[in-house]
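# Structural characterization, general
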Amino acid sequence: MSDRPDDRSDERRSHEPAPAREGTGFPVRRGADRERVRAAIRTELEGDEEALSQAETREYHAGDPSHHRVIALQNVHLAFDEPILEDVSFAAVEGETIVVAGESGTGKSTILKLLLRLLVPDRGNVYIDDEEITQLNFPDALKVRQKMGMVFQGAALFDSMTVFENIAYPLREHTALTEAEIEERVHEKLSFVDLDPDRVIDQLPSELSGGMRKRVGIARGMANNPEIMLYDEPTSGLDPLTTATITHLIIKLQRELGVTSIVVSHDIRSAFKMASKIAVLANRKIAFFGSPEELSGSDDKYLRDFLGGY
């Protein structure tokens, strides 16, 4: 698969070029119709909104002050109709990329919801920047989320919004940037993920290839310059060449911007390339936490079977 749009790109809407804004290379854009954009989002999200759970107040433990833990789970237990996670603990320091791997249904994506404070554990603690977040109220939880960018499985772009509107949305909602500054930021993020802004900025997600949609999703996730990036199966459903492109982008974010990342993935080949450490979930617990080299050298039978001779 290449990153060229399929034949549907010939049917895309025409856009009249806007006059250039004086002193910049960007066209003038009128402020987005807020009501139209928000109505589109409400329609697409209707029925999918997750209410924040309530948590008991717990004692805050700052941990070892000599190490800045950007992310940490501590003895986390979570159950719905049956146990999902039991005594799960791991941490990421600044600039690390932690890949959470495991079989389907082991609770990998649940960990992302805990970090986003969409779920709270039945027992245990979740830390962001050494702050225990399970006891936060709704407004404070929203503030913590502003530190994070999320890349959903399948990119989860708003189909009725252009590439520009998708990336600009979090900037309009959560920053005081002017339209000119938003325009510049959108161009910057598209360029970072190796997409030509002038080519894609007015296209709809349906006019993009799968790999391009993933990259737009990453650009939207990093629009607010977050210190933390969360990825849910970022290479799922992609061909090997496009998978390598997405893997390279995650590595690029770590090396060039110092971003701390949690990547949920079953793609072991990509995990070995991008991960500082790998957490393997099995039977509701962390079966392994360590470097890719340590994982590949393990004599544990389950881990050897899980790797499948990688």
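Anyway, here's the lowdown on the structure attached to this text.

What counts and what doesn't
Residues numbered from 1 in each chain as written. Predicted model: local features only at pLDDT ≥ 70, side-chain atom pairs only at ≥ 80, totals over all residues. Heavy atoms only, no water. Helix = DSSP H or I, 4+ residues; strand = E, 2+ residues; numbered from the N terminus. Buried < 20%, exposed > 50% of the residue type's maximum accessible area, 1.4 Å probe, protein only. Pairing = 2+ DSSP bridges. Right-handed = clockwise from strand over helix to strand, strands pointing away.

## Examining unusual backbone geometry
Trans peptide bonds make up the majority, and among non-glycine residues the majority have a negative phi. Within the chain, Asn75 stands out as a residue other than glycine whose phi angle is a positive 50°. For Asn75, the location among the structural elements is in strand S1 (residues 69–79). On the basis of relative accessible area, Asn75 is assigned to the partly exposed category, the value being 38%. Phi is positive for Asp194, close to 65°, though the residue is something other than glycine.

## Let's talk about the environment of Lys113
With respect to the element layout, Lys113 can be found in helix H2 (residues 108–115). Along the chain, Lys113 and Leu230 lie 117 residues apart, while their C-alpha atoms are 9.9 Å from each other.

## Section: the pairing of strand S8 (residues 260–264)
Of all the five residues making up S8, five are buried; the element is thus mostly covered by neighbouring parts of the structure. A two-sided burial pattern is seen for S8, the buried positions comprising Thr260, Ile262 and Val264 on one face and Ser261 and Val263 on the other. As paired strands, strand S3 (residues 97–102) and S8 are joined by four bridges and run parallel to one another. When the sheet's bridge partners are listed, Val100 is paired in S8 with Val264. Taken together, strand S7 (residues 228–232), helix H8 (residues 240–257) and S8 form a β-α-β motif whose crossover is right-handed.

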